[in-house]
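Close look at the chain arrangement
Residues per chain are reported as follows:
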Amino acid sequence: MVRRLIAPGISLLFGAMLSLNCTLALAEVLVVVSADAPFTRLTSSDLRDIYLGRRTQIANGMMVVPLDQPEGTAARSEFYTHFTGQTPAQIKAHWARQIFTGRGQPPQALANSRAVVERLVSDTKALGYIDPAFLDERLRVVTIE
Amino acid sequence: MVRQATWLCVILIVLQSGALLADSTLPDLEFNGFGTLGVVHSDERNADFVGDPFASEGAGYSGDWSAEVDSRLGLQATLRMTPQLSTVVQVISEKRYDGSFAPDIEWANVQYDVSPDLSLRVGRMVQSSFMASEHRKVNYATPWARPPQEVYRLIPVANFDGVDVRYRYHSGSVTNELQVNFGGGSADYQAGSIDASDSWGVSHRTHWGNTTLFASYGELKVSVDELTQFFDIYRLFGLPGEALANRYEVDGKRTRLMSLGAGYDPGSWFVMGEWAHFSSPSLLGKSEGAYMTFGYRIAEWTPYVGVARAKITSSTSEPGLNTALYPSPYAEGAQLLNGVLNEILSSGMQQDSITLGARWDFRPGMALTAQYDHIDMRSGSSAGLINQQPEFNPGGRINLFSLALDFVF
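This report concerns the structure included in the present document. (Residues numbered from 1 in each chain as written. Chains lettered and ligands numbered in written order. Predicted model: local features only at pLDDT ≥ 70, side-chain atom pairs only at ≥ 80, totals over all residues.)

**Side note on the overall build of chain A**
Quick note on the threshold: Secondary structure counts use DSSP, requiring at least four H or I residues in a row for a helix and at least two E residues in a row for a strand, with both numbered from the N terminus. Each residue is classed by its C-beta neighbour count within 10 Å, where at least 20 other C-beta atoms makes it buried, 12 or fewer makes it exposed, and intermediate counts make it partly exposed; the C-beta atoms are placed from backbone geometry. Contact between residues is assigned whenever the C-beta positions, reconstructed from backbone atoms, fall within 7 Å.
Tallying secondary structure elements over chain A gives 5 helices and 7 strands in all. Along chain A, from the amino end to the carboxyl end, the secondary structure elements read α-β-β-α-β-α-α-β-α-β-β-β. When burial is assessed residue by residue, chain A has 28% of its 145 residues classed as buried. Taking the contacts inside chain A whose residues are at least 6 apart along the sequence as the reference set, 68% of them involve residues at least 24 apart.

Right under this line is the structure:
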């Protein structure tokens, strides 16, 4: 009886590990700015603070405007999980705390990586994250330290 | 008077701002909402458990299960008029002292950002007395079915009409927020109203990686109509009555509230705790409360466990008037007054509680929370239960089970 339960249990566990590996490999995002942007490096805490609305300027007083992708997209959940260590639900709760205390609205969400690229190219203050397939010479990848 | 002036300022700023429109994406109007559909079961049948001490009914005596303890709906409009100027109005409908769900204004203010890190607000706001005070009614944004009452019940008046200033400053990877407020507020309940005037508070919050630190201090003058009348009767009993009234009177005395909080949240788990101390050189006395909650996140599930304690640190009994000194019927009157005085002195919350719960974030913006609370009332305390029946025995234990659907949109 016990063995009959263990065998499917182990296969489930392996299945879960495999699917975890797959999501890590597939859903990668790059943090990017316009090639004309005045910065190419950000500390991970600056990036997190900018996206959580705790900071609008970086070290040398430069304004940074974060751009988001729609809720429920793989890019968005990969970005927040990887760079803020929080799940989409935690981010939603974070913004509920800000909105309902009158402390601001979340970053503007554009339709997809292509829309983010178009905005970045026309706005050197903007910061975004995109699917690597959309990277082109008009953009620069931001180094996260 | 201060309140009228405040509202006049709000109206003037809103009218003025019409002339300042510049950006093409402005004015920008956003509508948001939040709410909870919740039921609570209490095994104490002779009194009602309530989340809000001013509600008229709760779970237990009024009904085995009550949908009125946690259920509420909040709607908010945010208008950004210029990059610096915005206004927020938030209305909440929940169970009130008169039994209705009539909507009430929780927030209504105008915010002016002098710089991205310095903001001024004028209008109606919520005191940031505790870590989650300002969003305590947005259950979606907190881990529990409701904030731990051992701390959040210490101060019943949370809204105020006045001004507040927030200054944000950064040092390296640390973000700090300093908030200072001044104003006054009031809360109605069945037998009258509680007013808080000349209230001011300072709070400071630090975000440092996964750590959050919080501290606040505030003072306010509380006045309660009902108690003023009570002490006027005491004064009829000559010098001893006068002395007692002066000692326990609430009006005109400064009440102080201090709190400390900390949280650590590396993502897959979190821990948070707060300690608060309330003191008033009056009938309200001194009390303190603390809680600690630990939660673990597994995909969409967040099981959590918490402990909390509240106790009165000032004396809960008073010999009162010496009844032997008065002739009948004054002696009986004095006895009655002493009885009421002692009852109020010992009516504060004294309890230990254990909370077990789990939250399920089953879709974006929606979560289902199930929570069990075991409350052990101490020293004959009634744990803030209302509608106490003659058969109710203070100092016992109660078990609560809550189920809530929280949402934001």
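**Description of the overall build of chain B**
Keep this limit in mind: Here the radius of gyration uses the C-alpha set of atoms, whereas the globule reference equals 2.2 Å times the residue count to the power 0.38.
Within chain B one finds 5 helices and 19 strands. Its C-alpha radius of gyration of 23 Å places chain B within 12% of the 22 Å reference for a compact globule of 409 residues. Its C-alpha atoms give chain B principal-axis dimensions of roughly 80 × 50 × 40 Å. Taken across its 409 residues, chain B has 41% of its residues classed as buried. Within chain B, residue pairs in contact and separated by at least 24 positions form 59% of the contacts whose partners lie at least 6 positions apart.

**Points about the interface of chain B and chain A**
Contacts between the two partners involve 29 residues from chain B and, on the opposite side, 22 residues from chain A. Mapped onto the side of chain B that touches chain A, the elements with two or more residues apiece are β1 (28-42), β5 (72-80), β6 (85-94) and β7 (104-115) of chain B.

**A few points about helix α3 (residues 225-234) of chain B**
Residue and element names in this part refer to chain B. Definition in use: Directions drawn from the helix axis to the C-beta atoms are what define this arc.
Among all positions in α3, only L227, F231 and Y234 are buried. Along the axis of α3, the buried residues cluster in a sector spanning 45°; they form a single face. Those residues of α3 that are exposed and angled more than 90 degrees off the buried face are E226, Q229 and D232. Looking at the buried positions of α3, the neighbouring elements they touch are β12 (211-224), α4 (238-248) and α5 (330-345).

**Section: the environment of R76 of chain A**
All names here are of chain A. Positionally, R76 belongs in helix α3 (residues 74-84). Sequence separation between R76 and T101 is 25 residues, and the spatial gap between their C-alpha atoms is 24 Å. For R76, the contacting residues outside a window of four places in its chain are D68, Q69, P70, E71 and P88.

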